[in-house]
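The primary structure of each chain is shown beneath.
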Amino acid sequence: MSLIAEIEATREEFTALRRDIHAHPELAFKENRTSEIVAERLASWGIEVHRGLGKTGVVGVLRGSRTAASGKPRAIGLRADMDALPMPEHNRFAHASKHEGRMHGCGHDGHTAMLLGAAKYLSAHRDFDGVVNFIFQPAEEGGNAGARAMIEDGLFEKFPCDEIYGIHNMPGFPAGQFAFRKGPTMASSNRFDIIVRGTGGHAAQPHKAVDTIIIAAEMIGVLQTLISRHRNPIDVAVLSVTQIHAGDAYNVLPGETVIRGTVRTFSTQVLDEIENNMRRVAQTLPQVHGGTGELQFYRAYPPLVNWDEPTDFAARVAEEVFGADKVERDTPQHGGAEDFSFYLEKVPGSYLFLGNGDGDHREGRYVGMGPCELHNPNYDFNDALLPVGSTYWVRLAQAFFARG
Ligand SMILES: [Zn+2]
Ligand SMILES: [Zn+2]
C-alpha cells in the first residue's frame with residue numbers, strides 16, 4: 001500500500017472533517033451546511049467554486065498549470081455524494097448525529113471527505129495538463145436523483161468531462177479492498193401502482209358486484225409469470241408486490257384495490273419489456289371479470305452500467321498504487337440502485353467499491369451496537385479509508401492526464 005505521504009499527514013484534519021459532517025447530517029437537496037463547508041474548503045485551496053447546480057450541488061474546477069491556454073483541455077470528473085438518510089442513528093460515539101431522525105448511514109460523509117482530501121493535494125500539485133472537476137452532488141438517496149438534477153442544470157455543458165468516476169464504500173469487503181465490475185453493475189430501481197376498479201357491493205351478494213379483491217389476487221400470480229414465463233431466463237430481474245390496499249369492512253366488497261411494488265433489472269431493455277407486459281396485464285385482466293385496471297409505473301434510477309475501458313483503467317491504477325491483491329476486478333452485481341447511473345448514460349466512466357471492513361473500526365463502548373451495514377443505525381464510515389480514497393483519486397487523475 002503506497003499512500004501519498006502528504007495525504008497521510010492530513011489524516012487528522014480529514015477525520016475531524018468527516019466526523020463533523022457525520023454529526024450534522026442533511027437530507028436530499030438540503031445539504032446547505034455541508035455544501036457550504038465543501039465550497040469554503042475548495043475556495044481556501046484556490047480552487048474555482050461553482051454552486052447551485054441541483055440546488056445544493058458544488059463543482060470545484062482545478063486547471064493544471066501545464067494546460068494549454070487555447071483549445072479544449074482534457075477533463076476528468078470525480079464525484080462524491082453529500083446527503084444523509086431519514087433514519088435514526090443508534091451509535092453513541094462523540095460524532096453521532098446531532099439531528100434526530102437523520103443519519104449519515106451510507107457513508108456519504110466519508111465520500112465527501114475523501115474527495116476534499118484529493119482536492120487539497122491536487123490544488124498544491126497542479127503540474128498536469130488538463131482539468132479536474134470535483135463534483136459534490138446532493139440527494140443520491142431515496143430516488144431523489146441529485147445526479148439528474150445537476151445534469152439538468154447543465155453540469156456537462158458547463159463543466160465538460162471526458163470521463164467520470166465515483167466511489168462507494170462497501171461494508172463486508174475488507175477495509176481498503178477495491179472492487180470493480182464492467183457492464184451492468186447495479187440494478188435499475190422502479191416502483192409501480194396498479195389500480196383495479198370494479199363495482200363495490202354486499203359481500204353476501206357477490207353476483208351484483210365486480211370483486212376487485214378476487215381480480216387483484218389473480219393478478220399478483222399473473223405478475224409473477226412475467227418473470228417466470230415472459231422474461232428471458234438469462235436476464236436478471238425481480239418483480240415484488242409489497243403492498244395491497246383494499247376494503248375496511250367484513251361484509252363489503254371494495255370497489256377498488258391497489259397493488260404496489262418494485263421492479264429491479266440490470267438493463268433498460270428488459271425493464272421496457274416488463275413494464276409493457278405489466279401494462280397489458282393491468283389493463284386486460286380486470287376486463288375478464290368486468291372491471292378495469294390501470295398501471296402507473298415510475299422509473300427512479302436506471303441500471304448502473306460501467307464502461308469497459310474506463311473500468312480497466314481505474315482498476316489498473318488501483319493495482320499499481322495498492323497492489324493486485326487489493327483489487328477485485330469482477331465483483332458480483334449489486335442489487336441496490338445508485339444515481340451515478342445518470343452520469344454514465346452521458347459520459348464514459350466507472351463506479352467502484354472500496355471495502356469499509358466489518359465494523360471493527362467503530363469505537364466499542366456504546367449501547368445498541370448493530371451491524372456496520374449501509375443504512376443500518378449502527379453504521380459508521382471507516383476513517384482508515386480517507387487517505388486511501390484520497391490517494392486513489394489523486395493517482396487516478398494523474399494517470400488520466402499522463403495517459404494523454
Ligand atoms: Zn444509501
Ligand atoms: Zn450511498
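Model, not experiment: these values are computed from the prediction.

A closer look at the coordination of the zinc ion (ligand 2)
Step number 1: Around the zinc ion (ligand 2), the protein contributes the donor atoms Cys 106 (SG), His 108 (NE2) and His 168 (NE2), at 2.1 to 2.4 Å from the metal centre.
Step number 2: All donor residues of the zinc ion (ligand 2) come from one chain, and their arrangement in sequence is C-x1-H-x59-H.
Step number 3: A separation of 3.2 Å is found between the zinc ion (ligand 2) and the zinc ion (ligand 1), which share Cys 106 as a coordinating residue. Each member of the pair, Cys 106 as well as His 108, is classed as buried.

A short note on helix α11 (residues 385-403)
Step number 1: Between its first and last C-alpha atoms α11 spans 26 Å; for 19 residues at 1.5 Å apiece the expected length is 27 Å, and the two agree.
Step number 2: Two residues or fewer after α11 comes Gly 404, characterised by a positive phi angle close to 70°.

Looking at the layout of surface pockets
Step number 1: Of the voids in this model, the largest pocket is the one considered here, and its volume is about 310 Å³.
Step number 2: Considering the residues around the largest pocket, the lining is formed by 21 residues, among which Glu 140, Glu 141, Gly 336, Ala 337 and His 375 are closest to the centre.
Step number 3: Residue assignment for the lining of the largest pocket shows that the elements contributing at least two residues are β5 (163-171), β13 (292-301) and β16 (349-357).
Step number 4: Tallying contributions element by element places β5 first for the lining of the largest pocket, with three residues.

Thoughts on the sheet that holds strand β8 (residues 189-197)
In a beta sheet, neighbouring strands are held together by backbone hydrogen bonds and run either parallel or antiparallel to one another.
Step number 1: With respect to topology, four strands assemble into an open sheet ordered β10-β12-β8-β13, the strand pairing being antiparallel. Of all the strands in the sheet, just β10 (237-245) and β13 have a single pairing partner and so form its edges. Averaged over all pairs of adjacent strands, the angle between strand axes in this sheet comes to 20°, irrespective of strand direction.
Step number 2: Across eight bridges, the pairing between β10 and strand β12 (residues 256-265) is antiparallel. The residue bridging Ser 240 from the neighbouring strand is Thr 262, located in β12.
Step number 3: Those strands touched by helix α7 (residues 212-228) are β8, β10 and β12, and its axis lies near 170° from that of β10.
Step number 4: Packed on one face of the sheet, helix α8 (residues 268-288) meets β8, β10, β12 and β13 and runs near 160° to β13.

Considering the packing of helix α3 (residues 32-44) against helix α4 (residues 108-124)
Step number 1: The N-to-C vectors of α3 and α4 enclose an angle of 10°; their axes lie 10 Å apart at closest approach. The orientation of α3 relative to α4 falls into the category roughly parallel. Together, Val 38, Arg 41 and Leu 42 of α3 and Thr 112, Leu 116 and Ala 119 of α4 make up the contact between the two elements.

Points about unusual backbone geometry
Step number 1: A positive phi angle, close to 55°, is found at Ala 139, a residue other than glycine.
Step number 2: Note on Ala 139: relative accessible area 0%, which makes it buried.
Step number 3: We note that Ala 145 has phi near 55°; this positive angle belongs to a residue other than glycine.
Step number 4: Topologically, Ala 145 is positioned in the loop between β4 (131-137) and α5 (146-152).

A look at the coordination of the zinc ion (ligand 1)
Step number 1: Every protein donor of the zinc ion (ligand 1) is listed here as Cys 106 (SG), Glu 141 (OE), Glu 141 (OE) and His 375 (NE2), and their distances to the metal cover 2.0 to 2.8 Å.
Step number 2: Around the zinc ion (ligand 1) sit four donor atoms; with metal-centred angles ranging over 51 to 149°, the donor geometry is irregular.
Step number 3: Each donor residue of the zinc ion (ligand 1) lies on the same chain, and together they follow the pattern C-x34-E-x233-H.
Step number 4: Looking at His 375, the relative accessible area reads 39%, which means it is partly exposed.

A few points about the environment of Asp 358
Step number 1: Relative to the elements of secondary structure, Asp 358 occurs in the loop between β16 and α11.
Step number 2: By relative accessible area, which is 56% here, Asp 358 ends up exposed.
Step number 3: Considered as a pair, Asp 358 and Gln 333 are 25 residues apart in the sequence and their alpha carbons are 20 Å apart.
Step number 4: From its side chain, Asp 358 meets the backbone nitrogen of Asp 360 in a polar contact 3.4 Å long.

Some words on the sheet that holds strand β15 (residues 327-328)
Step number 1: Ordered in space as β1-β2-β4-β3-β5-β16-β6-β15, the eight strands form an open sheet in which the pairing is mixed. What marks the edges here is a single partner per strand, and that holds for β1 (48-53) and β15.
Step number 2: α3 rests against β1, β2 (57-63) and β4 of the sheet, and its axis sits at about 160° to β1.
Step number 3: Across the sheet, helix α9 (residues 308-322) is in contact with β5, β6 (178-179), β15 and β16; its angle to β5 comes to roughly 60°.

Structural notes on the packing of helix α2 (residues 11-23) against α3
Step number 1: Direction vectors running N to C along α2 and α3 enclose 155°, while the axes themselves pass 11 Å from each other. One element, α2, and the other, α3, form an angle in the roughly antiparallel class. Facing α2, whose interface residues are Glu 13, Leu 17, Asp 20 and Ile 21, α3 presents Arg 33, Thr 34, Ile 37 and Arg 41.
Step number 2: Split into classes, the residues belonging to the contact of α2 with α3 amount to three nonpolar, one polar and four charged.

Focus on the nonpolar core
Step number 1: Of all hydrophobic cores here, the largest spans 60 residues; its most connected members are Val 132, Phe 134, Phe 136, Phe 178, Tyr 392 and Leu 396.
Step number 2: Looking at this core, the element that brings in the most residues is α11, giving ten residues.
Step number 3: The residues contacting Tyr 392, other than those within four sequence positions of it, are Ile 167, Phe 178, Phe 180, Ala 314, Val 317, Ala 318, Phe 322 and Leu 352.
Step number 4: Among the nonpolar cores identified, the runner-up in size contains 28 residues, and Leu 53, Ala 147, Cys 161 and Tyr 301 belong to it.

Considering empty space enclosed by the protein
Step number 1: Applying the stated criterion across every chain yields a total of two cavities of 30 Å³ or more.
Step number 2: Lining the largest cavity are Ile 7, Thr 10, Arg 11, Phe 14, Gly 117, Leu 386, Pro 387 and Ser 390.
Step number 3: When residues of the lining of the largest cavity are traced back to their parent elements, those giving at least two are α2 and α11.
Step number 4: Here the lining of the largest cavity takes three residues from α11, the largest share from any one element.
Step number 5: Grouping the constituent residues of the lining of the largest cavity by class yields four nonpolar, three polar and one charged.
Step number 6: When its volume is computed, the second largest cavity comes out at roughly 40 Å³.

Criteria and thresholds
Residues numbered from 1 in each chain as written. Chains lettered and ligands numbered in written order. Predicted model: local features only at pLDDT ≥ 70, side-chain atom pairs only at ≥ 80, totals over all residues. Heavy atoms only, no water. Donors = N, O, S within 2.8 Å, 3.2 Å for Na, K, Ca; no water. Buried < 20%, exposed > 50% of the residue type's maximum accessible area, 1.4 Å probe, protein only. Helix = DSSP H or I, 4+ residues; strand = E, 2+ residues; numbered from the N terminus. Expected span 1.5 Å × (residues − 1). 1 Å grid on protein atoms, 1.4 Å probe; cavity = no way out; pocket = protein on both sides within 12 Å on 5 of 7 lines; lining within 4 Å. Points joined across faces, edges and corners; volume = space filled by probe spheres on them. Pairing = 2+ DSSP bridges. Axes fitted to C-alpha atoms, helices over the stretch in contact; angles between N-to-C directions. Contact = heavy atoms within 4.5 Å. Parallel < 35°, antiparallel > 145°, perpendicular 65-115°, else oblique. Tetrahedral: all angles 85-135°; square planar, octahedral: opposite > 155°, others 65-115°. Polar contact = N/O pair within 3.5 Å; in protein donor to acceptor, adjacent residues only side chain to side chain. Nonpolar A, V, L, I, M, F, W, Y, C, P; charged D, E, K, R; others polar. Core = buried A, V, L, I, M, F, W, Y, C linked by side-chain atoms within 4.5 Å.

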